[in-house]
Amino acid sequence: MRRILVVGGGYAGFYAAWGLEKRLKPAEAELTVVDPRPYMTYQPFLPEVAAGSIEARHAAVSLRRHLRRTRVVAGEVTEIDHAHRKVTVLPAEGSEFELTYDEIVVTAGAVTRKFPIPGVTEQAIGMKHVEEAVAIRDRLLTSFDRASVLEPGPARRKLLTVTFVGGGFSGVEGFAELLSLATALLKHYPEISRDELSFHLIEAQGRILPEVTDKPGQWVVRSLEERGAHVHLNTQLRSAVDGHVVLSTGEEFDSALIVWTAGNAANPVVHNHTDLPIDERGLLKVRADLRVGTEEEPVPGAWGAGDDASVPDLASPIPGARTVPNAQHAVRQGKLLARNLTAHVRGRTPKPYVHHGLGSVATLGIGKGIFQYRRIVITGLLAWLMHRGYHVLAVPSWERKVRVLAIWLTAAFFGRDIVSLASVEHPRDAFVSGGDPIR
């Protein structure tokens, strides 16, 4: 019996393990997934989680519920020693331990890329996990509550200022959805006027949404600015100490909510703690058939996919192109990896990964979106409906599809839920204070 170890339960890891369960008989393989989180995050839903259009738990797919024949280990892989076919696992509680394997599937995923900018580590929130999206939403709602009882001035202005750093898909979608939520909140807060809201999107390049062409990207900028947002192109964040934002253009302002979405970096375990081959970016070297190594020299017993893998893009006309780190590739690579590893176990030849993109689609708030497939560009309500339709079909399991659809239908009749649960971050405060005010 083959011992197959999957490092990481994100898109690629979840779909690889799910596919292996369906394809391999119990007598053929023993499956193990190691991940510090007990769920796979469906990241395209995070902007809508931040905006309150989707319940947070519905953007998370339970590993234990859906991987019924797989051992799920709650811990973080800190080292991969492929020469000896073992990994070191650090659990949340207890001491490190080792797991051995015959075949390893490395799908640890990327991490948020950070820069040594003063104040960012202390002030900013990422947008890669469910808890981050929930914290962003709660902080905005709490800021409205606090600002509503303050007199006009610096403190109130800071609470009503939101800053996103990074103009990729996650940044733009999160920014637009939160702007939509803030605008909708105004009818519940007569003390706050539209002119007091200040939303800033900061992008170091001269354009946003690199996955779409120039004109659609420019349309998105115009659309956001028409809704009152400030889009800063060719601009870098210089400092965010104590929430005081300083830009490379010289502009300065205070912001109570700073969200960092400025790209991805190689996972540290892949970049620094493995004897598997990596490229100059710290990503796993992976062949077209998703085996680790080069076309001339594969590494026996090692497979890779997803954001931490450098996979040849055979569908690209550019020689030497690699697949971009996005959900479309991670899901499809995970599915193919399951088929290829099954073929390998049964003595057949794995197939190369070739995927022609289905286009790019983004939500920009309720009723607003953009879709592009080659030269076809659709904007507005139809694109927004296409976004929702695509992702409700793409989210794994019928159970999650039904839950998400139910939330969307409920919101269509009753609107978003605008209750902030920021107090869950400090659940003992009420007990400890005994009712006395806490500052």
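Preceding this section is the structure that the text describes.
Parameters at a glance
- Residues numbered from 1 in each chain as written.
- Predicted model: local features only at pLDDT ≥ 70, side-chain atom pairs only at ≥ 80, totals over all residues.
- Heavy atoms only, no water.
- Helix = DSSP H or I, 4+ residues; strand = E, 2+ residues; numbered from the N terminus.
- Rg over C-alpha atoms; globule rule 2.2 N^0.38 Å.
- Buried < 20%, exposed > 50% of the residue type's maximum accessible area, 1.4 Å probe, protein only.
- Contact = heavy atoms within 4.5 Å.
- Areas by Shrake-Rupley, 256 points an atom, 1.4 Å probe, with all protein chains shown as cover.
- Lys, Arg positive; Asp, Glu negative; His and termini not counted.
- Charge placed at Lys NZ, Arg CZ, Asp CG, Glu CD.
- Pairing = 2+ DSSP bridges.
- Core = buried A, V, L, I, M, F, W, Y, C linked by side-chain atoms within 4.5 Å.
- Axes fitted to C-alpha atoms, helices over the stretch in contact; angles between N-to-C directions.
- Parallel < 35°, antiparallel > 145°, perpendicular 65-115°, else oblique.
- Left-handed = near helix turned anticlockwise from the far one by under 90°.
- Phe/Tyr/Trp six-rings, centres within 6.5 Å; stacked < 30°, edge-to-face > 60°.
- Lys NZ or Arg CZ within 6 Å of the ring centre and 35° of its normal.
- Salt bridge = Lys/Arg side-chain N within 4 Å of Asp/Glu carboxyl O.

Caption draft 1: Just the overall build of the chain, in detail. Secondary structure assignment for the chain yields 13 helices and 25 strands. Over its C-alpha trace the chain gives a radius of gyration of 23 Å, about what one expects of a compact globule, namely 22 Å for 439 residues. For the chain, the C-alpha atoms occupy an extent of roughly 70 × 60 × 45 Å along the three principal directions. Classification of the 439 residues of the chain by burial places 52% in the buried group. Within the chain, counting contacts between residues at least 6 apart in sequence, those at least 24 apart form 68% of the total. Counting only carbon and sulfur atoms, one obtains 54% of the accessible surface of the chain, whose full area is about 21,200 Å². Taking the average place of the 51 positive charges on the side chains of the chain and the average place of its 49 negative ones, the gap between the two points comes to 8 Å.

Caption draft 2: Broad picture of the pairing of strand β15 (residues 244-247). Pairing geometry for strand β14 (residues 237-239) and β15, over 2 bridges, is antiparallel. Considered in β15, the bridge of L237 is made with L247. The hairpin formed by β14 and β15 contains 4 residues between the paired strands, and D242 there has a positive phi angle of roughly 55 degrees. Here β15 pairs with strand β16 (residues 252-254) via 3 bridges, running antiparallel. The partner of V245 across the bridge, within β16, is F253. Here β15 hands over to β16 after 4 residues, with G250 in that stretch at a positive phi of 100 degrees.

Caption draft 3: Inspection of the nonpolar core at higher detail. Ranked by size, the top nonpolar core spans 109 residues in total, and within it I80, V87, I104, F144 and L178 carry the most contacts. At 9 residues, helix α7 (residues 169-185) tops the list of elements feeding residues into this core. Sequence-distant contacts of I104, that is, excluding residues within four places in its chain, are made with L5, V7, I80, H82, V87, G301, A302 and W303. I117, L237, W260 and A262 belong to the second largest nonpolar core, which has 12 residues in total.

Caption draft 4: Expanded view of the packing of helix α11 (residues 381-394) against helix α12 (residues 398-414). Relative to each other, α11 and α12 sit at 150 degrees, their axes nearing to 9 Å. Taken together, the axis directions place α11 and α12 in an arrangement best described as roughly antiparallel. Crossing geometry of α11 relative to α12 is assigned as right-handed. In this structure, α11 contributes R388, V392, L393 and A394 to the contact, and α12 contributes K401, V404, L405 and W408.

Caption draft 5: The packing of aromatic side chains, seen in detail. One pass over the full model with this rule turns up 10 aromatic pairs. Here F115 and W260 contribute two aromatic rings whose centre-to-centre distance is 6.0 Å and whose plane-to-plane angle is 65 degrees, an arrangement assigned as edge-to-face. With F115 in the loop between β10 (111-112) and α4 (120-123) and W260 in strand β17 (residues 257-260), the pair connects residues that are 145 residues apart, well separated along the chain. Taking relative accessible area as the criterion, W260 reaches 4% and is therefore assigned buried. By the ring-pair criterion, three or more aromatic residues cluster together here, those being Y11, Y42, F45 and W408. We note K401 situated over the ring of W398; from NZ or CZ to the ring centre the distance is 5.8 Å.

Caption draft 6: Representation of the pattern of salt bridges in the model. Tallying each qualifying case throughout the model produces 15 salt bridges. A salt bridge links E399 to R400, with the nearest nitrogen and oxygen atoms 2.3 Å apart. When its relative accessible area of 18% is taken as the criterion, E399 is described as buried. When salt bridges with common partners are traced through the structure, they connect R65, E399, R400 and R403 into a single cluster.

Caption draft 7: Seen up close, the sheet that holds strand β7 (residues 86-90). Within the open sheet, the 3 strands sit side by side as β6-β7-β8. Their pairing is antiparallel. What marks the edges here is a single partner per strand, and that holds for β6 (76-81) and β8 (97-100). Each strand of the sheet is rotated relative to its neighbour by a mean of 30 degrees, with strand direction disregarded. Alignment of β7 against β8, held across 4 bridges, turns out to be antiparallel. Paired with V87 across the two strands is L99, which belongs to β8.

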